[in-house]
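Below, each chain spelled out in residue letters.
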Amino acid sequence: MSQIQPELEDILRTLFDEYEGPITGALTAAEVEQWDSLANVQLVVLAERTFGVRFSTAEIAGLANLGALADLIRAKQG
Amino acid sequence: MSQALDDREIAPGAGPALKRLIAAQLAAFPEHEGFLRRRFAAGADDFCESLATTIETIAGEDLARLCEDYRWLAGAVLEEELFFRREGRYRLSSFAEAEALVYADPAYMTRYMNGLLLSQLWWSNHTAVLAWFRDRYLPGNGTQARHLEIGPGHGLFLLLAEQDGRTESCVGWDISPASLALVEKTFAALRRPAPSLLLSNLFEAQLGRFDSIAFSEVLEHLEAPAEALARVHDLLAPGGRAFINAPVNSPAPDHITLFETPEAIVDLVLAAGLEIEDVLLAPAAGASLDRARKLKLAISTVVIARRPL
Ligand SMILES: C[S@@+](CC[C@H](N)C(=O)[O-])C[C@H]1O[C@@H](n2cnc3c(N)ncnc32)[C@H](O)[C@@H]1O
């Protein structure tokens with residue numbers, strides 16, 4: 001998750017201000033109380049803007065954890 | 001998954017009706033457990049239990065289907081949220097589109113209003129608005145109030161108005177036949193005298209004189225919200241009051257007019273020549289107002305307004 005990680009971490013800390021645990025690639029929505037499905041949309045769209053990529057609905061639905069999001073961003077950036 | 005759940009953990013202090021409703025909702029929508037847990041983390045109060053009892057009575061045998069309809073609504077709202085966050089606007093921009101897609105399609109509209117009925121309990125901002133309607137707005141009406149609701153939808157607000165001892169007569173106008181049928185079902189289920197209902201666009205219904213008007217979650221459905229508020233003004237008797245509720249940054253399949261701040265709504269009410277009696281700002285999903293403003297989250301904005309004497 002090299003360069004992508006710090007920016008994703010910023011987005012997560014902004015959106016999920018009550019979460020104080022570590023942010024790793026293994027982090028899932030189930031571990032973060034504020035990370036509900038609406039907040040997930042906000043997260044994904046902020047990531048799209050920040051990294052200049054666009055996800056399909058199927059890609060969004062299939063994301064298993066934060067690392068998967070980072071991998072997808074990296075794949076899209078080529 | 002839902003069998004293993006302990007309802008009391010999800011909603012501490014929940015009464016029997018709320019517990020049954022939570023169990024039914026999670027049977028239809030197990031993925032919603034985290035959301036409901038958070039919704040009721042601070043505990044459930046008496047209003048939640050009375051609302052759960054009412055919703056259960058309205059649902060009757062259809063509770064499982066209503067819970068499915070809520071699940072469908074949550075999915076529909078999620079799709080609109082994705083569009084809204086990407087584009088910074090609501091998908092639809094004309095009333096004609098919303099009417100064709102939603103209001104004129106009884107199957108779609110019924111599903112939508114059933115989902116919205118359950119959202120009154122599951123979405124904390126909706127519950128806060130409904131409680132404020134009952135406990136803050138209605139007690140300010142004089143006795144023998146002639147009450148109108150424009151766009152009653154599922155009928156819950158109109159029911160609360162009818163149940164309030166100050167209300168003398170209850171009228172509902174709605175553009176959707178499916179909504180009017182649901183209002184009738186709601187009143188029949190609770191064995192309350194049927195309100196007087198009219199299938200009409202608010203701009204076309206004949207002017208009347210009302211002491212009290214509820215106008216909840218309709219403004220954002222209109223192309224011309226300023227004209228609609230002027231209409232509310234004209235329908236009120238001098239000194240009459242209105243309960244005007246509209247959300248900020250809240251996409252839905254039939255939302256057309258985007259209000260980006262609560263102040264935009266308050267200003268529109270003032271511009272219609274109405275006086276402000278009180279304002280409630282209820283951010284969605286329990287967010288603080290600061291956070292909701294910063295992240296442009298949905299905020300239910302309610303204005304209690306009065307037509308000057
Ligand atoms: C979202 S529902 C609101 C239900 C309820 N008042 C509430 O706050 O939960 C909107 C309702 O307004 C009705 N509506 C929309 N535009 C209207 C118009 N121009 N005239 C009359 N009713 C309208 C719809 O058919 C629907 O029943």
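Let me sum up the structure you'll find in this document. (Residues numbered from 1 in each chain as written. Chains lettered and ligands numbered in written order. Predicted model: local features only at pLDDT ≥ 70, side-chain atom pairs only at ≥ 80, totals over all residues. Heavy atoms only, no water.)

### A few points about the nonpolar core
Argument step 1. Residues A:L8, B:L18, B:W122 and B:F215 are the most contacted members of the largest nonpolar core, which totals 130 residues.
Argument step 2. Considering each element in turn, this core owes the most residues, nine residues, to helix 7 (residues 106–122) of chain B.
Argument step 3. Viewed by domain, this core spans two of them, domain 1 (3–122) and domain 2 (124–306) of chain B, each represented by three or more residues. (Core = buried A, V, L, I, M, F, W, Y, C linked by side-chain atoms within 4.5 Å. Buried < 20%, exposed > 50% of the residue type's maximum accessible area, 1.4 Å probe, protein only. Helix = DSSP H or I, 4+ residues; strand = E, 2+ residues; numbered from the N terminus. Domains from an automatic or database assignment.)

### What to know about the pattern of salt bridges
Argument step 1. Inspection of the entire model under this criterion finds 25 salt bridges over all chains.
Argument step 2. A:K76 is the salt-bridge partner of A:E59, the closest N and O atoms lying 3.0 Å from each other. Of this pair, A:E59 sits in helix 3 (residues 57–61) while A:K76 sits in helix 4 (residues 66–77), placing them 17 residues apart in sequence.
Argument step 3. Note that B:D69 is salt-bridged to B:R65, the shortest N-O span being 3.8 Å. Remark: B:R65 and B:D69 occur in helix 5 (residues 63–87); sequence separation between them is four residues, near one turn of the helix.
Argument step 4. For B:R65, a relative accessible area of 42% gives the class partly exposed. (Salt bridge = Lys/Arg side-chain N within 4 Å of Asp/Glu carboxyl O.)

### What to know about the layout of surface pockets
Argument step 1. One number sums up the size of the second largest pocket: a volume of about 260 Å³.
Argument step 2. Contributing to the lining of the second largest pocket are 14 residues, with A:L46, A:R49, B:R85, B:L295 and B:K296 lying nearest its centre.
Argument step 3. The set of elements that each furnish at least two residues to the lining of the second largest pocket consists of helix 2 (37–51) of chain A together with helix 5 of chain B.
Argument step 4. A per-element tally of the lining of the second largest pocket places helix 2 of chain A first, with four residues.
Argument step 5. Residues belonging to the lining of the second largest pocket are distributed by class as follows: six nonpolar, three polar and five charged.
Argument step 6. Both domains that meet at the lining of the second largest pocket, namely domain 1 (3–122) and domain 2 (124–306) of chain B, each give it at least three residues. (1 Å grid on protein atoms, 1.4 Å probe; cavity = no way out; pocket = protein on both sides within 12 Å on 5 of 7 lines; lining within 4 Å. Points joined across faces, edges and corners; volume = space filled by probe spheres on them. Nonpolar A, V, L, I, M, F, W, Y, C, P; charged D, E, K, R; others polar.)

### Quick look at the interface of chain A and chain B
Argument step 1. Listed by partner, the interface residues are 18 residues for chain A and 13 residues for chain B.
Argument step 2. Taken over both partners, the interface formed by chain A and chain B buries close to 1,400 Å², and the fraction arising from carbon and sulfur atoms is 55%.
Argument step 3. There are four salt bridges connecting chain A and chain B.
Argument step 4. Close ionic contact of B:R38 with A:E18 constitutes a salt bridge, the shortest N to O distance being 3.2 Å.
Argument step 5. Taken together, chain A and chain B are joined by nine residue pairs in polar contact (both at pLDDT 80 or more).
Argument step 6. Sorting the residues of the side of chain A that touches chain B by element identifies helix 1 (4–15) and helix 2 of chain A as the ones contributing at least two each.
Argument step 7. It is helix 2 of chain A that contributes the most residues to the side of chain A that touches chain B, seven residues altogether.
Argument step 8. When its residues are assigned to classes, the side of chain A that touches chain B shows seven nonpolar, four polar and seven charged. (Contact = heavy atoms within 4.5 Å. Buried area = accessible area lost by both parts, 1.4 Å probe. Polar contact = N/O pair within 3.5 Å; in protein donor to acceptor, adjacent residues only side chain to side chain.)

### Quick word on the pairing of strand 2 (residues 167–174) of chain B
Residue and element names in this part refer to chain B.
Argument step 1. Where burial is concerned, most of strand 2 is hidden: six out of the eight residues are buried.
Argument step 2. Relative to strand 2, strand 1 (residues 145–150) runs parallel, the two sharing six bridges. Residue pairing for strand 2: A145 is matched across the bridge by T167.
Argument step 3. Following the backbone out of strand 1, through helix 9 (residues 156–163) and into the adjacent parallel strand 2, one traces a crossover that is right-handed. (Pairing = 2+ DSSP bridges. Right-handed = clockwise from strand over helix to strand, strands pointing away.)

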